[in-house]
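Below, each chain spelled out in residue letters.
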Amino acid sequence: MNVVVVESPAKAKTINKYLGPGYKVLASFGHVRDLPAKDGSVLPDEDFAMLWEVDTASAKRMKDIGDALKSSDGLILATDPDREGEAISWHVLDLLRKKKLIGDKPVSRVVFNAITKKSVLEAMANPRDIDVPLVDAYLARRALDYLVGFNLSPVLWRKLPGARSAGRVQSVALRLVCDREAEIERFVSEEYWNLSALLKTPRGDEFEAKLVSADGKRLQPRAVTNGEDAGKLKALLEGASYTVDSIEAKPVKRNPSPPFTTSTLQQAASSKLGFSASRTMQVAQKLYEGIDIGGETVGLITYMRTDGVQMAPEAIDAARTAIAEQFGNRYVPDKARIYSTKAKNAQEAHEAVRPTDFNRTPDQVKRFLDADQLRLYDLIWKRGIASQMASAEIERTTAEITADNKGEKAGLRAVGSVIRFDGFIAAYTDQKEDGEQSDDGDEDGRLPEINARENLAKQKINSTQHFTEPPPRYSEASLIKKMEELGIGRPSTYAATLKTLSDREYVVIDKRKLVPEAKGRLVTAFLESFFARYVEYDFTASLEEKLDQISAGELNWKDVLRDFWKDFFAQIEDTKELRVTNVLDALNEELAPLVFPKREDGSDPRTCQVCGTGKLSLKLGRNGAFIGCSNYPECKYTRPFGAEAVNGEASASNEPLSLGKDPHTNEDITLRSGRFGPYVQRGDGKEAKRSSLPKGWTPASIDHEKALALLSLPRDIGAHPESGKMISSGLGRYGPFILHDGKYANVESIEDVFSIGLNRAVSVLADKAAKGPGGRGATAAALKELGDHPDGGAITVRDGKYGPYVNWGKVNATLPKAKDPASVTLEESLVLIAERIAKGGIKPAKGKTAKATKPKTAKAEGATAAKSAKPKTPAKPKAAAKSKVAAKPKAAAKAKKA
């Protein structure tokens, strides 16, 4: 018998069925050890030795694997086919060797890109050794992220009270969001006019032609910049006669896009399905690990963390066969399509995300999938099969027309397109994102029959005023696209990076757009002022390139760490002498447009409007940054950081911001800031109706319509079909909810409060009732046992209606969406439980206080490396001679992994 190790129990269950009784497949539940979240886990002065820790739950998993190995013939490591998967196999093997459980038993590493019987058996027949360069790249990335997080974060805490930790990749992604916001703030709108003519052919068909030239000169886009010039051109067109100069029909071919990578899948799922990046990866993980289809468990898609766009030759052949059967022979191109990626740092050996079997259509599997799984599988199947289909054939017709008004001439153009053969469009079309024209869309309709030299009749002249718009804020999808273009991060990191920015409250999502919070702007400004190099796009991308060179065996991972640490440590040391006044002066300058916007009366925006003589400046307090007057304590004027940018002049005098009148009561509706944050209010006095802003809604986004919607709550949805009692929706202390007969049920978002219908409301209430008083249900089975809480009682990972969560007694703490339940550690669970208790006012078990303490049973492993040979000790940086890391132990011990 052979022992096979994979990451997840779902994957283990599927593979066990494929391999039969000669194998025992066990799950590691993700990584079996990690760097402890405390100072000293990476030791630059000891040639970057890394001290690993095994938590209680992982120790139990490793014991199970070790016990099984004692009576086995060999060990097969079958973790995922990427850098993280290679690292998990390396960790497992290293632990087993330290415990002397391997002996002379054969050890092999196998990888498969899809969890199907054929792929798994082929992988078993072609084992290899652990890829040491891949492990080295993992170690280098892990060490880099640790060194940045546990050295830069304490600097933030000391110099910017209230700031959270700064991660290596997250800080650069945050800078992208903040830079875009600053670009929007600096944007100056410009006026322009568009002119067109509605014309009629001699056969009575109407079409529109746009003005493209005047007085023999071509008009560039937005060339007409004022109403006076537009009026002159309109007068010319009103009195002109129209003749067709030429008509040209040109065939155009449009080619399909390649199959999905991780980032393009996340982008398409966002624009087409409304999925967040983390939701996309959660659903894709289930499709990859296996779905029970008529008694057989099979993976429906290939591995979903990839930046490759190529498909295996056998998959291409299968796709071409399926195209012929399902669409017809004309839809099969003469040659198979071969794609190459344009993304930086791409690993071409990784296959694209595609169906494991193109004959398994969405219609055939829909009864086995839930709604989200079906929608995502449908998207992947269509994009995959479209990538091998024939080009779409389009006829593009262009008519050039002359307008002649007593010798004064202008040129107009009409363009139309007709699809002569739909090709790949029969399976899949792209969708516009952020106002961009998609590859498959076409703004031009079909033109009627138009002949050269014939005269046209003028029907109407249109002259419309427009204003240029600022660049759009990033959505999750467009930010991922930008990160990929710049070479920042890897496919497996995008969703986690975005989730981290949201969890740390550096950004909020408003109407699916990422809006930087004031604290996010503050952290970015600080890093740009004092750690500019480490938030530069090119520098971060160059580190990613070096990591890929390590994985290719072209660079030594310790050399990369030495080069990075020498300069980074010196920069950290320099900030120790940095005074808070220096920091505030730099931030006042960097954030001036946000903190001190221009005033309508033209006065100095930094002059205090309360005392009239003091100067406003950023101040740092125990709870973070705020704006205060230099005449303190004589003038006690303060306001929260970022409030002036939202409320303009109203906030300078702490006055409410008027949003308009209630159409029914004629009372004033205002936006205010109170002790517990911003809120909207109708009327004045004790009887005034008030509503706090829901999570994700910023004061800047609140207008008259949104305020009316909030103040209208609770909303009656309809009478329950069984009880006849009213079901209502509203916003409460614990978020959006629906209420029926004194019983509450949470809904996912504030938008549901305003849009949920009667049928869905009844269904939500029924689901809640079925779960029982505990909400998630007392029968939810434990996915993973993490160990005991320091205050007593077991901690487990469970799966509920709204996703996986950590349970301790009566405390349920939802896992971050990007977090794999199998990889949760006891220490992470303690932090989540403590945060949940703090947020919800929940009393911990036995009346004790939950603390995010290190589990006593954790086992610290010795320093380990990917290679057994002892590396040469490098020369120590002078500044580092007396310090292992540039973080105070007390501060760093509280840090979370960045």
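Remember, predicted model here, so these are calculated numbers, not experimental data.

Colleague: Can you help me understand the overall build of the protein chain in this one?
Modeller: Counting its secondary structure elements, the protein chain contains 26 helices and 33 strands. Relative to its 898 residues, the protein chain shows a buried fraction of 51%. Expressed as a percentage of contacts within the protein chain between residues at least 6 apart in sequence, the contacts between residues at least 24 apart total 68%.

Colleague: Is there a simple way to explain the sheet that holds strand E25 (residues 715-719) in this structure?
Modeller: Paired through backbone hydrogen bonds, the strands of a sheet run either parallel or antiparallel to each other. Ordered by their spatial adjacency, 4 strands build an open sheet running E25-E26-E27-E28, and the pairing between neighbours is antiparallel. The two strands at the open ends of the sheet, each matched to only one other strand, are E25 and strand E28 (743-746). The mean inter-strand angle of the sheet, taken between neighbouring strand axes irrespective of direction, is 30°. Note: E25 against strand E26 (residues 726-732), 4 bridges, orientation antiparallel. Residue pairing for E26: Gly-718 is matched across the bridge by Ile-727.

Colleague: Can you help me understand the sheet that holds strand E1 (residues 2-6) in this one?
Modeller: Overall, parallel pairing links the 4 strands, which are arranged E2-E1-E5-E6 in an open sheet. Single-partner strands in this sheet number two, and they are strand E2 (23-27) and strand E6 (107-109). For this sheet, the mean inter-axis angle between neighbouring strands, taken without regard to orientation, is 20°. Direction of pairing for strand E5 (residues 74-77) relative to E6: parallel, over a ladder of 3 bridges. Within E6, the residue paired with Leu-77 across the bridge is Arg-109. Helix H1 (residues 9-19) rests against E1 and E2 of the sheet, and its axis sits at about 170° to E2.

Colleague: Explanation requested: the environment of Gln-267 in the structure shown.
Modeller: Take Gln-267: it is sitting in helix H8 (residues 262-273). The class for Gln-267 is buried, based on a relative accessible area of 15%. Distance in space between the C-alpha atoms of Gln-267 and Ser-475 is 9.2 Å, their sequence separation being 208 residues. Apart from residues no more than four positions distant in its own chain, Gln-267 is found in contact with Ala-477, Ile-480, Lys-481 and Glu-484.

Colleague: I would appreciate a short explanation of the packing of aromatic side chains in the present structure.
Modeller: Each pair of aromatic rings is reported with the distance of its centres and the angle of its planes. Within the structure shown, the criterion is met by 16 aromatic pairs. On the numbers, 6.4 Å between centres and 15° between planes, the contact of Trp-52 with Tyr-138 is stacked. Remark: Tyr-138 occurs in helix H5 (residues 132-159) and Trp-52 occurs in strand E4 (residues 49-54); sequence separation between them is 86 residues. A centroid spacing of 6.0 Å and a plane angle of 45° characterise the contact between Phe-327 and Tyr-331, whose relative ring orientation is tilted. Using a relative accessible area of 15% as the deciding quantity, one classes Tyr-331 as buried. Members of the aromatic cluster, connected to one another through ring pairs, are Tyr-534, Phe-539, Phe-564, Trp-565, Phe-568 and Phe-569. In this arrangement the basic side chain of Arg-33 is found over the ring face of Trp-90, its NZ or CZ atom lying 5.5 Å from the centre. Here the basic side chain of Arg-61 rests over the ring of Phe-29, its NZ or CZ set 3.8 Å away from the ring centre.

Colleague: Please clarify how the pattern of salt bridges should be interpreted in this entry.
Modeller: Opposite charge on two side chains lets them pair, provided their charged atoms get close. Summed over the entire model, instances satisfying the criterion amount to 43 salt bridges. When the shortest N-O distance is used, the salt bridge between Lys-458 and Glu-238 registers 3.1 Å. Taken together, the residues Lys-458 in strand E15 (residues 455-467) and Glu-238 in helix H7 (residues 227-238) connect sequence positions 220 residues apart. Residue class for Lys-458 comes out partly exposed when judged on its relative accessible area of 30%. Under the relative-accessibility criterion, Glu-238 is labelled partly exposed at 35%. Each of Asp-47, Lys-558, Asp-559 and Arg-562 takes part in salt bridges that share partners, so that together they form one network.

Colleague: Got a minute to help me understand the environment of Asp-73 in this structure?
Modeller: Its place among the elements puts Asp-73 in the loop between helix H2 (56-70) and E5. Separated by 50 residues in the primary sequence, Asp-73 and Tyr-23 have C-alpha atoms spaced 9.7 Å apart. From its side chain, Asp-73 meets the backbone nitrogen of Met-1 in a polar contact 2.5 Å long.

Colleague: Which parts of the structure should I look at to understand helix H13 (residues 476-486)?
Modeller: An α-helix turns once every 3.6 residues. As a result, residues three or four positions apart point the same way. Within H13, 8 of the 11 residues are buried, leaving the element largely enclosed by the surrounding structure. Taken together, the buried positions of H13 are Glu-476, Ala-477, Ser-478, Leu-479, Ile-480, Met-483, Glu-484 and Leu-486.

Colleague: What should I look at first to understand H5 in this one?
Modeller: When the terminal C-alpha atoms of H5 are compared, their 40 Å separation across 28 residues agrees well with the 40 Å that a helix rising 1.5 Å per residue should span. H5 sits mainly inside the fold: 24 of its 28 residues count as buried.

Colleague: Before we go on, may I ask you to explain the nonpolar core in this structure?
Modeller: In summary, soluble globular proteins display a tendency toward joint burial of nonpolar side chains. Counting 165 residues, the largest nonpolar core has Leu-376 and Phe-526 as the members making the most contacts within it. The dominant element in this core, judged by the number of residues it contributes, is H5, at 14 residues. The residues touching Phe-526, leaving out its near neighbours within four places in the chain, are Val-155, Leu-156, Lys-159, Leu-160, Phe-531, Val-583 and Leu-587. In terms of nonpolar packing, the next biggest core, distinct from the first, is built from 26 residues, Trp-193, Ala-230, Ile-401 and Ala-403 among them.

Colleague: Just to check I follow, could you spell out the packing of H8 against H13 for this structure?
Modeller: The description of two helices packed together rests on the angle between their axes and the distance between the axes. Contact geometry of H8 with H13 gives a least axis separation of 8 Å together with a crossing angle of 160°. Between H8 and H13, the interaxial angle falls into the category roughly antiparallel. Between H8 and H13 lies a crossing of left-handed hand. Along the contact surface, H8 presents Ser-263, Gln-266, Gln-267 and Ser-270, while H13 presents Ala-477, Ile-480, Lys-481 and Glu-484. Among the residues forming the contact of H8 with H13, the class breakdown is 2 nonpolar, 4 polar and 2 charged.

Colleague: Where do I start with the confidence of the model for the protein chain in this structure?
Modeller: Detailed reading of the predicted model is not advised wherever pLDDT is low. Across the protein chain, the average pLDDT comes to 83, with 86% of residues at or above 70. Scored below 50 in pLDDT, residues 774-779 shows 11 contacts in the model against residues more than four places distant or in partner chains. Low pLDDT, under 50, characterises residues 845-898; the predicted model gives this stretch 136 contacts beyond four residues in sequence or across chains.

Colleague: So what exactly am I meant to see when it comes to the pairing of strand E30 (residues 794-800) here?
Modeller: Successive side chains on a regular strand alternate, one facing one side of the sheet and the next facing the other. Judged by how many residues are buried, E30 sits mostly within the fold: 5 of 7 residues are covered. With 6 bridges connecting them, E30 and strand E31 (residues 803-808) associate as antiparallel partners. Each residue of the ladder has a partner; that of Ile-795, found in E31, is Trp-808.

Colleague: Would you mind showing me how to read the side chain of Ser-551 here?
Modeller: Relative to the assigned elements, Ser-551 resides in helix H16 (residues 537-551). Taking relative accessible area as the criterion, Ser-551 reaches 16% and is therefore assigned buried. Reaching out from Ser-551, the side chain makes a polar contact with the backbone oxygen of Asp-548 at a distance of 2.7 Å. Setting aside chain neighbours within four positions, we find Ser-551 in contact with Arg-83, Pro-133, Leu-134 and Ala-137.

Colleague: Mind showing me how you'd approach unusual backbone geometry here?
Modeller: Phi is mostly negative for residues that are not glycine, and the peptide bonds are mostly trans. Across the junction of Tyr-632 and Pro-633, the peptide omega takes the value 10°, indicating a cis bond. Along the chain, Pro-633 turns up in the loop between strand E19 (624-629) and strand E20 (638-640). Here Leu-713 and Pro-714 are connected by a cis peptide whose omega angle stands at 0°. Its place among the elements puts Pro-714 in the loop between helix H22 (704-711) and E25. Of note, Asp-215 is a non-glycine position whose phi angle comes to about 55°, a positive value.

Colleague: Before we go on, may I ask you to explain the state of the cysteines in this structure?
Modeller: By definition, a disulfide links the sulfur atoms of two cysteine residues through a covalent bond. As enumerated under the stated definition, the model contains 0 disulfides in all. Distance from the sulfur of Cys-608, which forms no disulfide, to the nearest cysteine sulfur (Cys-635) is 3.8 Å. The closest cysteine sulfur to the non-disulfide-bonded Cys-629 is located on Cys-611, 3.7 Å from its own sulfur.

Colleague: Can you help me understand the side chain of Glu-476 in this one?
Modeller: Summarising the element assignment, Glu-476 is placed in helix H13. At 2.8 Å, the side chain of Glu-476 forms a polar contact with the backbone nitrogen of Ala-277. Excluding residues that lie within four positions of it along the chain, Glu-476 makes contacts with Ser-276, Ala-277, Leu-498, Ile-509, Arg-512 and Leu-514.

The rules we used
Residues numbered from 1 in each chain as written. Predicted model: local features only at pLDDT ≥ 70, side-chain atom pairs only at ≥ 80, totals over all residues. Heavy atoms only, no water. Helix = DSSP H or I, 4+ residues; strand = E, 2+ residues; numbered from the N terminus. Buried < 20%, exposed > 50% of the residue type's maximum accessible area, 1.4 Å probe, protein only. Contact = heavy atoms within 4.5 Å. Pairing = 2+ DSSP bridges. Axes fitted to C-alpha atoms, helices over the stretch in contact; angles between N-to-C directions. Phe/Tyr/Trp six-rings, centres within 6.5 Å; stacked < 30°, edge-to-face > 60°. Lys NZ or Arg CZ within 6 Å of the ring centre and 35° of its normal. Salt bridge = Lys/Arg side-chain N within 4 Å of Asp/Glu carboxyl O. Polar contact = N/O pair within 3.5 Å; in protein donor to acceptor, adjacent residues only side chain to side chain. Expected span 1.5 Å × (residues − 1). Core = buried A, V, L, I, M, F, W, Y, C linked by side-chain atoms within 4.5 Å. Parallel < 35°, antiparallel > 145°, perpendicular 65-115°, else oblique. Left-handed = near helix turned anticlockwise from the far one by under 90°. Nonpolar A, V, L, I, M, F, W, Y, C, P; charged D, E, K, R; others polar. pLDDT = per-residue confidence, 0-100. Disulfide = S-S within 2.5 Å.

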